Amino acid sequence: DAGVTQSPTHLIKTRGQQVTLRCSPKSGHDTVSWYQQALGQGPQFIFQYYEEEERQRGNFPDRFSGHQFPNYSSELNVNALLLGDSALYLCASSPATGGGTGELFFGEGSRLTVL
Amino acid sequence: SQKIEQNSEALNIQEGKTATLTCNYTNYSPAYLQWYRQDPGRGPVFLLLIRENEKEKRKERLKVTFDTTLKQSLFHITASQPADSATYLCSRGADSWGKLQFGAGTQVVVTP
């Protein structure tokens, strides 16, 4: 049973560029959440997708957008990249009801470096 | 604002001893707290969830307590091993499943 998979694992962009990160949730999960983790910090909630719609959003600007596909996979898009967007981007999946424990299953992340 | 705080200073501990980590929260009363383990360059891995009506939860060598009066959770690793070296994250549920607020994490280093 594959867990949460993310791609790419590492990427380097320059300021002003755009980036797309991809996530496939764990089998049987239909809810995908995205987190940003800066070095030395805890993950910060960006947004959550369920039934192909953004259900909740954290305190991130509109430059951050996402999408969920019918197969529950998801993309995170960041436009007009800033140096401060350099971080580990984590995707987490869960059943819609939290599976009784609210446990999130995280992928290994996509390390974005903005130069 | 609602905050969740962990000791940012790394915890260095000798193998076999008990490591105790602290998680404090302010300005709210979470229905539950979760603890995750994160290894360098990897995603967090769920360890334990404790609800507000539970005083203590155990899983193998791990123990978590939840004190709603002190607004604090303690995370214990008993008989620690070098393989326990990692960063441990405390988080609270915020509004719905999937939206978690994390602390900055505490790094634990277990030396033989």
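Here, the structure is the one placed above.
The following paragraphs examine the structure supplied in this document. (Residues numbered from 1 in each chain as written. Chains lettered and ligands numbered in written order. Predicted model: local features only at pLDDT ≥ 70, side-chain atom pairs only at ≥ 80, totals over all residues. Heavy atoms only, no water.)

Moving on to the nonpolar core. Of all hydrophobic cores here, the largest spans 22 residues; its most connected members are Leu21(B), Leu33(B), Trp35(B), Phe75(B) and Tyr88(B). For this core, the secondary structure elements donating two or more residues are strand S3 (19-26), strand S4 (32-38), strand S5 (45-51), strand S7 (62-67), strand S8 (72-77), strand S9 (86-94) and strand S11 (106-111) of chain B. With four residues, S3(B) is the single largest residue contributor to this core. Each residue touching Leu21(B), except ones within four places of it in the same chain, is listed here: Leu11(B), Trp35(B), Ser73(B), Leu74(B), Phe75(B), Tyr88(B), Thr106(B) and Val108(B). If you look at the next biggest cluster of nonpolar residues, it comprises 20 residues, including Ile46(A), Phe47(A), Val78(A) and Val114(A). (Core = buried A, V, L, I, M, F, W, Y, C linked by side-chain atoms within 4.5 Å. Buried < 20%, exposed > 50% of the residue type's maximum accessible area, 1.4 Å probe, protein only. Helix = DSSP H or I, 4+ residues; strand = E, 2+ residues; numbered from the N terminus. Contact = heavy atoms within 4.5 Å.)

Okay, the interface of chain B and chain A next. Each side of the interface is counted separately: chain B has 21 residues, and chain A has 25 residues. Where chain B abuts chain A, roughly 1,700 Å² becomes buried across the two surfaces, and 49% of that area is made up of carbon and sulfur atoms. Counting every contact that joins chain B to chain A gives one salt bridge. Where Arg42(B) meets Glu108(A), a salt bridge forms, and the shortest distance between an N and an O atom there is 2.6 Å. (Buried area = accessible area lost by both parts, 1.4 Å probe. Salt bridge = Lys/Arg side-chain N within 4 Å of Asp/Glu carboxyl O.)

Now for the environment of Leu48(B). Residue and element names in this part refer to chain B. Checked against the element boundaries, Leu-48 lands in strand S5. Given the relative accessible area of 6%, Leu-48 is considered buried. For Leu-48 and Arg-37, which are eleven residues apart along the polypeptide, the C-alpha to C-alpha distance reads 9.8 Å. Every residue in contact with Leu-48, bar those within four places of it in the chain, is listed here: Leu-33, Gln-34, Trp-35, Lys-57, Arg-58, Lys-59, Leu-62 and Val-64.

Let us look at the state of the cysteines. Two cysteines, two sulfur atoms, one covalent bond between them: this is a disulfide. Following the criterion strictly, the structure yields two disulfides over all chains and no others. Through a disulfide, Cys23(A) is tied to Cys91(A); the S-S separation comes to 1.8 Å. Looking down the S-S bond of the Cys23(A) and Cys91(A) bridge, the torsion is -60 degrees, so its handedness is left-handed. Taken together, the positions of Cys23(A) in strand S3 (residues 19-24) and Cys91(A) in strand S9 (residues 87-94) put the pair 68 residues apart, joining distant regions of the chain. The burial state of Cys23(A) is the same as that of Cys91(A); both residues are buried. A sulfur-sulfur separation of 2.0 Å characterises the disulfide bridge that pairs Cys23(B) with Cys90(B). Since a negative S-S torsion denotes a left-handed disulfide, the Cys23(B)-Cys90(B) link at about -70 degrees is left-handed. Taken together, the residues Cys23(B) in strand S3 and Cys90(B) in strand S9 connect sequence positions 67 residues apart. Cys90(B) carries the same exposure label as Cys23(B), and that label is buried. (Disulfide = S-S within 2.5 Å.)

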